[in-house]
Amino acid sequence: MGSAENNLDTYWMPFTANRDFKSKPRVITGASGHYYTTEDGNKLYDTFSGLWTSGVGHCHPKIVEAVQKQVATLDYCMTFQLTNNKAIELAERVTDIAPNGINHCFFANSGSESVDTALKIALGYHRAKGEGNRTRLIGRERGYHGVNFGGMSVGGMVPNRKAFSANLVPGVDHIRHTHDIERNAFTRGLPLHGVELANDLERLCALHDGSNIAAVIVEPVAGSTGVLPPPVGYLKRLREICDQHGILLIFDEVITAFGRLGAPFAAERFGVTPDIITTAKGLTNGVIPMSAVLVRDSVYDAFMHGPEKIIELFHGYTYSGHPVAAAAGLATMDVYDEEGMFEQASGLEQHFEDLLHSFKDQKHVVDVRNFGLMGAIEMAPRDGAAGMRGFEIHKKCFWEENMVVRNGMDVLQFSPFLNSDPDEMEQSFAGIRRVLDSIE
Ligand SMILES: Cc1ncc(COP(=O)(O)O)c(C=O)c1O
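Sequence positions are assigned chain by chain, starting from 1 and proceeding in written order. Selection of residues for local features in this predicted model requires a pLDDT of at least 70, selection of side-chain atom pairs for listing and counting requires 80 or more, and totals for whole chains, interfaces and linings are taken over all residues.

## Brief notes about the overall build of the chain
In DSSP terms, a helix is any run of H or I states spanning at least four residues, a strand is any run of E spanning at least two, and both are numbered starting from the N terminus. Summing up its helical and strand segments, the chain has 17 helices and 15 strands in all. This radius of gyration counts C-alpha atoms alone. The globule rule is 2.2 Å times how many residues there are, raised to the power 0.38. Compactness check: the chain gives a C-alpha radius of gyration of 22 Å against a globular reference of 22 Å for 440 residues, within 12% of the reference. For the chain, the spread of C-alpha atoms along the principal axes amounts to about 65 × 55 × 45 Å. In the chain, buried positions account for 48% of the 440 residues. For the chain, the share of sequence-separated contacts (at least 6 apart) that also reach a separation of at least 24 residues comes to 71%. The exposure scheme places C-beta atoms from the backbone and then counts, for each residue, the other C-beta atoms within 10 Å of its own, assigning buried at 20 or more, exposed at 12 or fewer, and partly exposed in between. By definition, residue pairs are in contact when their C-beta atoms, positioned from the backbone, come within 7 Å.

## A word on the nonpolar core
Buried Ala, Val, Leu, Ile, Met, Phe, Trp, Tyr and Cys residues form a nonpolar core when they are connected through C-beta atoms within 7 Å. Within the largest apolar cluster, 117 residues are counted, with the highest numbers of intra-cluster contacts made by A122, V216 and I276. Here this core takes 10 residues from helix α14 (residues 323-338), the largest share from any one element. Each domain span listed reflects an automatic or database assignment of domains. Summarising the domain contributions, this core has at least three residues from each of domain 1 (4-56 + 340-438) and domain 2 (65-338). Ignoring sequence-local partners within four residues, the contact set of A122 consists of A214, A215, L248, I250 and I276.

## As for unusual backbone geometry
A positive phi angle, near 60 degrees, is found at V227, a position not held by glycine. With respect to the element layout, V227 can be found in the loop between β7 (213-218) and α11 (234-245). The class of V227 is buried, set by 28 C-beta atoms lying within 10 Å. If you check the backbone angles, N402 has positive phi at about 50 degrees while not being a glycine.

## Re the environment of I88
Along the chain, I88 turns up in helix α5 (residues 85-96). Taking the C-alpha atoms as reference, I88 lies 40 Å from V195; in sequence the two are 107 residues apart.

## Let's talk about the site of the ligand
Defining nearness, a residue is near a molecule or strand when the C-beta atom obtained from its backbone falls within 6 Å of it. Inspection of the region around the ligand gives 14 residues, with S110, G111, S112, G146 and V254 positioned closest. At 3 residues, helix α6 (residues 111-128) tops the list of elements feeding residues into the shell around the ligand. Class assignment for the residues of the shell around the ligand results in 5 nonpolar, 7 polar and 2 charged. When residues are sorted by character, Ala, Val, Leu, Ile, Met, Phe, Trp, Tyr, Cys and Pro go into the nonpolar class, Asp, Glu, Lys and Arg into the charged class, and all the rest, Gly among them, into the polar class.

## Considerations on the environment of F251
Inspection of the secondary structure puts F251 in strand β8 (residues 248-252). The sequence separation of F251 and L44 amounts to 207 residues, and the corresponding C-alpha distance is 33 Å. Non-local contacts of F251, meaning those with residues more than four positions away in its chain, are made with V218, P220, A266, A267, P274 and I277.

## Side note on the sheet that holds β8
Here, any two strands with at least 2 DSSP bridges between them count as paired. The strand order β4-β10-β9-β8-β7-β5-β6 describes an open sheet built from 7 strands, whose pairing is mixed. Only two strands of the sheet have a single partner each, and these edge strands are β4 (102-108) and β6 (172-175). Sheet twist, expressed as the average angle between the axes of neighbouring strands with direction ignored, equals 20 degrees. Relative to strand β10 (residues 291-296), β4 is paired through 6 bridges, and the arrangement is antiparallel. Note on β10: the bridge partner recorded for H104 is V295. Contacting β4, β5 (136-140), β7, β8, β9 (276-279) and β10, α6 crosses the sheet at an angle of about 25 degrees to β10. Fitted lines through C-alpha atoms serve as axes, helices being fitted only where they are in contact, and the angles separating the N-to-C directions of these axes extend from 0 to 180 degrees.

## Concerning the domain arrangement of the chain
It is common to report an interface's size as the accessible area lost on association of the parts. Partitioning the chain into domains gives domain 1 (4-56 + 340-438) and domain 2 (65-338). Relative to domain 2, the C-alpha centre of domain 1 lies at a distance of 26 Å. Tallying the contact residues gives 30 residues for domain 1 and 29 residues for domain 2. If you list the elements that add at least two residues to the side of domain 1 that touches domain 2, you get α3 (49-52), α15 (341-357), β11 (365-371), β12 (374-379) and β15 (411-414). Among the elements that take part in the side of domain 1 that touches domain 2, α15 stands out by supplying 7 residues, more than any other. Of the residues that constitute the side of domain 1 that touches domain 2, the class distribution is 13 nonpolar, 11 polar and 6 charged.

## A few points about the pairing of β7
Counting buried residues in β7 gives 6 out of 6 residues, a clear majority hidden from the surface. Here β5 runs beside β7; their pairing, made up of 3 bridges, is parallel. If you follow R136 over to β7, its bridge partner there is I213. In the sheet, β7 pairs with β8 via 4 bridges, with the strands oriented parallel. Paired with V218 across the strands is F251, a residue of β8. Regarding topology, α11 serves as the crossover connection from β7 to the parallel β8, and that connection is right-handed. Note on handedness: a clockwise path from strand one over the helix to strand two, with the strands aimed away from the viewer, defines a right-handed crossover.

This is how it looks when you write it as structure tokens:
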């Protein structure tokens, strides 16, 4: 086999402009702590902790050791009518730090799978309770819930849906998104305006009749669409409306769980408890693919009726509760605990916010947003070339500043490590400023 350039064409890359990429590839061959290394030995600072995944840093020795040990002890085990000790332990560890009343955990392998699992659980729950008419699923414009058919359908990111428009799951509707740049631009933390947008759910309850709606799914802080923190009071209001109409509330915490907001879950940070929580990424620090759907006792209990020898939920994946992934998850939970990761994350919030908002008067910047350790700098799009300014910044950061910076179209997104070094953070933003100074 030759170098990456020789065989790269075989590899169809996800969410990538393949032809542009392959003309000048950016290939990572190693990582340690807060840095990646490239084929030619360059060290790159990672401003995105993987893809919102690797909060405690790359190749954390404790997680590496746990994976090495587990793969040599129990490499795989069927989890249909059989299971493994690590999956049992991890379910308990994760629900231990979940909000009160959420004590059950179903494993899958990715955020997308956890979302589709959660939607199926919601439908199954109502059916089990004799309300099989509750089949409607409500998402939110600009929401991102992965790329499988269920998640794509409740999601609200137009480029992800456009090519599949006729094949989206039926019976789905969307409430309005909360982005209001006119009233909330450059807000530090939660926007003050927009709580009333939660009432859009009442509009859909009036339209479809609330008794037909199974669940509402939202990201507590929308991430992939460009970091949209919820307006003050918004999530509480959604909870109230769901309660009034018997609708399940699902928080998609694939990004926000495990310390990104300085707490185990966004639910805890916001003081709003949903009925179902989806997680992935930080569950194993991104080391092994794994996701978990956490559900309230009342949801789980609804399934535990009928003949005991009959499977209650006809759903699961070959790799649900994979022992090596679960071992990575357990070691990750240990690191969160032992190194006070969530507290470290809280301690960094102010510094991160100050650094981000120092870009307020920068050329082309139209908004800066942040909450917890999630942040975004939104650039104005170029005329007729939306996304190209952001893409150029991503590439310049890589080639000229030895940094990985994520852009979603023209929005630069930031997901610092939970244990970031404040000086490194500062240096990385100095590099970003040099790049922003240099682009048109
Ligand atoms: C909120 C949310 N849900 C679901 C997903 C999909 O996760 P995956 O890419 O692991 O399928 C993501 C990915 O970024 C996400 O941010």
